[in-house]
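# Summary of structural features
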Amino acid sequence: MKIIRDIRTMQRRAGELKREGLSIGFVPTMGALHEGHLSLIRGSKKENDITCVSIFVNPIQFGPAEDFSNYPRPARADIALCKKEGVDFLFMPSPGGLYGSDFRSFVEVAGLSDVLCGASRKGHFRGVATVVAKLFNIAQPDRAYFGQKDCQQAVIITRMARELNFPVKIRVMPIVRSPEGLALSSRNAYLSAEQKVAALVISRALSEAETMVRQGKTDVRAILRAMRRMLAGSGGVAVEYLEAVDFATLVPVRKIRGRAAILIAARVGKTRLIDNIIVSK
Ligand code: AMP
């Protein structure tokens, strides 16, 4: 595995690989890698000649009161995991290298970026779309892998890639969960053992919704009511939003029809967790 920190070196190397006719699969991450990330890496390895992973805690997607400086950065363990998974290139740029001191070019996917998580995290998805656009231009992937865990992000990146004509296929991979059901996240490291147990109600409420849809219930108000009851009934979880939206447009739906996503953001203690399911009728 080759670790590359320099942007031009990465870009040049990606160009050479493409000229050799090799396909590049790309997995952008912020590190603190877990099985969720590894599932994306495995997906890429299956479909591509070369797999490139990036680890970059992207400052411009964090709000001023968010956890940028405390975000876990276990570089050594991450490098070992990537090696073990057979990653070909690990791109680890420095924040200075990626943005310099007077950065002014941003990518905004209008409308999709200010709802759901974007409502409370102003500028977050602008930061995400911008860094992903930059990374696509640097790593020049044929396919890029994202987790359904960050559903809104996946929808925004899919739209951005299509509308800005990036020659990349976006693959959205299923959510990897703990055996108990908690969606894996680097931020789970902030949770105490009790908080991890309390957080399980989030995935339980989503499974309940899935069951209701499977039983033929399509009225979103009834589904969300049942979920809210579960979430309120078990202590320690403060819901920030709970919504059912059309999967492509993120517009709230009243009935489950076509592909819909049911999404939750909630705080457990100080930690903000997100989770979702995709249902279809
Ligand atoms: P992050 O390092 O949190 O920015 O995540 C990097 C990528 O891994 C994103 O595309 C996430 O959606 C994906 N990811 C994070 N957690 C999971 C999970 N539990 N299952 C599947 N993919 C995940």
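Look up a bit, the structure's there.
First things first, this report covers the structure right here in the doc.

Thresholds applied
Residues numbered from 1 in each chain as written. Predicted model: local features only at pLDDT ≥ 70, side-chain atom pairs only at ≥ 80, totals over all residues. Heavy atoms only, no water. Buried < 20%, exposed > 50% of the residue type's maximum accessible area, 1.4 Å probe, protein only. Helix = DSSP H or I, 4+ residues; strand = E, 2+ residues; numbered from the N terminus. Pairing = 2+ DSSP bridges. Near = heavy atom within 4 Å. Polar contact = N/O pair within 3.5 Å; in protein donor to acceptor, adjacent residues only side chain to side chain. Areas by Shrake-Rupley, 256 points an atom, 1.4 Å probe, with all protein chains shown as cover. Nonpolar A, V, L, I, M, F, W, Y, C, P; charged D, E, K, R; others polar.

Let's shift gears to the pairing of strand β8 (residues 259–268). The buried fraction of β8 is high, at 8 of 10 residues. Here 8 bridges tie strand β7 (residues 238–246) to β8, and the two strands are oriented antiparallel to one another. Across the sheet, the residue bridging to A238 is R267, located in β8. Bridge count for β8 against strand β9 (residues 271–280) is 10 bridges, and the pairing is antiparallel.

Close to the ligand lie 17 residues; M30, H37, D150, V176 and L184 are nearest. Between the ligand and H37 there is a distance of 2.9 Å, counted from an oxygen atom to a side-chain nitrogen or oxygen. With respect to the ligand, the backbone of L184 contributes an N or O atom lying 2.8 Å from a nitrogen atom. Considered on its own, the ligand offers 490 Å² of accessible surface; in the complex 93% of this is hidden by protein. No other element matches helix α2 (residues 35–47), which puts 3 residues into the shell around the ligand. Class assignment for the residues of the shell around the ligand results in 9 nonpolar, 6 polar and 2 charged.

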